[in-house]
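Structural characterization, general
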Amino acid sequence: MKSNKKKINLIVSVIGLLLSIFSICKISNDYDIRGQISQILEINLDTLIFALLLSASSFLLRGLRYVLLVLSNSQCSIVDAFKSYIYGNCINTLMPFRIGDVYKCIYLKARDSVSFPLVISSIFIDKLFDLFIFIGVLIIVAPRILLENKSVEKFLYIFSYPF
């Protein structure tokens, strides 16, 4: 049994490594990496630090929100709920089709025996919160973009990017 698990872990690791190598090769052929590095070096350091702190605090707040959603109906530990959120987002960054959300379910089910319907419903509610926040930002920002640009096409292009 342990031998099979080690083989599966090895196969998954090799596949992940091959996908990473393929992705790096594809990106290096399609993009001007030197131009991007020169643009990064021109960034104001204060602005970069502020943006990183803002991003990190947003990430932590979203993680805490997810923890509260899961903990409200289960005996899951705070650490495991937060880890599942962090791991799920890391996997979402690397894999398509929101696989990280599925991983959250698997992780919490394996670690704390959290019921599958509870985790699925918490992910659904988490996505609804994200949608409400997006709509709120859209309502606040839309008039300014439309007034400055006076172009509905440009406005629609800007807000169609995440989708």
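Preceding block: the structure.
As a starting point, this report considers the structure included with it.

**Considering the packing of aromatic side chains**
Where two aromatic rings form a pair, the distance of their centres and the angle of their planes describe that pair. What the rule picks out here adds up to two aromatic pairs. Measuring from centroid to centroid gives 5.5 Å for Tyr 87 and Tyr 107, while their planes differ by 85 degrees, and the two rings are edge-to-face. Taken together, the residues Tyr 87 in helix H4 (residues 78-94) and Tyr 107 in helix H5 (residues 99-112) connect sequence positions 20 residues apart. Looking at Tyr 87, the relative accessible area reads 35%, which means it is partly exposed. For Tyr 107, a relative accessible area of 10% translates into the label buried. Ring geometry for Tyr 103 against Tyr 107: centres 5.9 Å apart, planes inclined by 40 degrees, an arrangement best described as tilted. Note that Tyr 103 and Tyr 107 are positioned in helix H5 at a spacing of four residues, about one turn of the helix. Accessibility expressed as a relative area gives 27% for Tyr 103, which makes it partly exposed. Among the aromatic residues, those joined into a ring-pair cluster are Tyr 87, Tyr 103 and Tyr 107.

**A closer look at a nonpolar patch on the surface**
A grouping of Phe 124, Ile 125, Leu 128, Phe 129, Leu 131, Phe 132, Ile 135 and Ile 139 is seen on the molecular surface, where their side chains present a nonpolar patch of about 740 Å² in accessible area. Considering the arrangement of structural elements, one finds Phe 124 in helix H6 (residues 116-149). The class for Phe 124 is exposed, based on a relative accessible area of 54%.

**Structural notes on the packing of H4 against H5**
Packing of H4 against H5 leaves a shortest axis separation of 8 Å and a crossing angle of 150 degrees. Taken together, H4 and H5 sit at an angle that is classed as roughly antiparallel. The handedness of the crossing between H4 and H5 is right-handed. In this structure, H4 contributes Asp 80, Ala 81, Lys 83, Ser 84, Tyr 85, Tyr 87, Gly 88, Ile 91 and Asn 92 to the contact, and H5 contributes Ile 99, Gly 100, Asp 101, Tyr 103, Lys 104, Tyr 107, Leu 108, Arg 111 and Asp 112. Along the lines of polarity and charge, the residues of the contact of H4 with H5 split into eight nonpolar, four polar and six charged.

Calculation notes
- Residues numbered from 1 in each chain as written.
- Predicted model: local features only at pLDDT ≥ 70, side-chain atom pairs only at ≥ 80, totals over all residues.
- Heavy atoms only, no water.
- Phe/Tyr/Trp six-rings, centres within 6.5 Å; stacked < 30°, edge-to-face > 60°.
- Helix = DSSP H or I, 4+ residues; strand = E, 2+ residues; numbered from the N terminus.
- Buried < 20%, exposed > 50% of the residue type's maximum accessible area, 1.4 Å probe, protein only.
- Patch = residues over 30% accessible without salt bridge, like charges linked within 9 Å, V, L, I, M, F, W, Y side chains within 5 Å.
- Areas by Shrake-Rupley, 256 points an atom, 1.4 Å probe, with all protein chains shown as cover.
- Salt bridge = Lys/Arg side-chain N within 4 Å of Asp/Glu carboxyl O.
- Axes fitted to C-alpha atoms, helices over the stretch in contact; angles between N-to-C directions.
- Parallel < 35°, antiparallel > 145°, perpendicular 65-115°, else oblique.
- Left-handed = near helix turned anticlockwise from the far one by under 90°.
- Contact = heavy atoms within 4.5 Å.
- Nonpolar A, V, L, I, M, F, W, Y, C, P; charged D, E, K, R; others polar.

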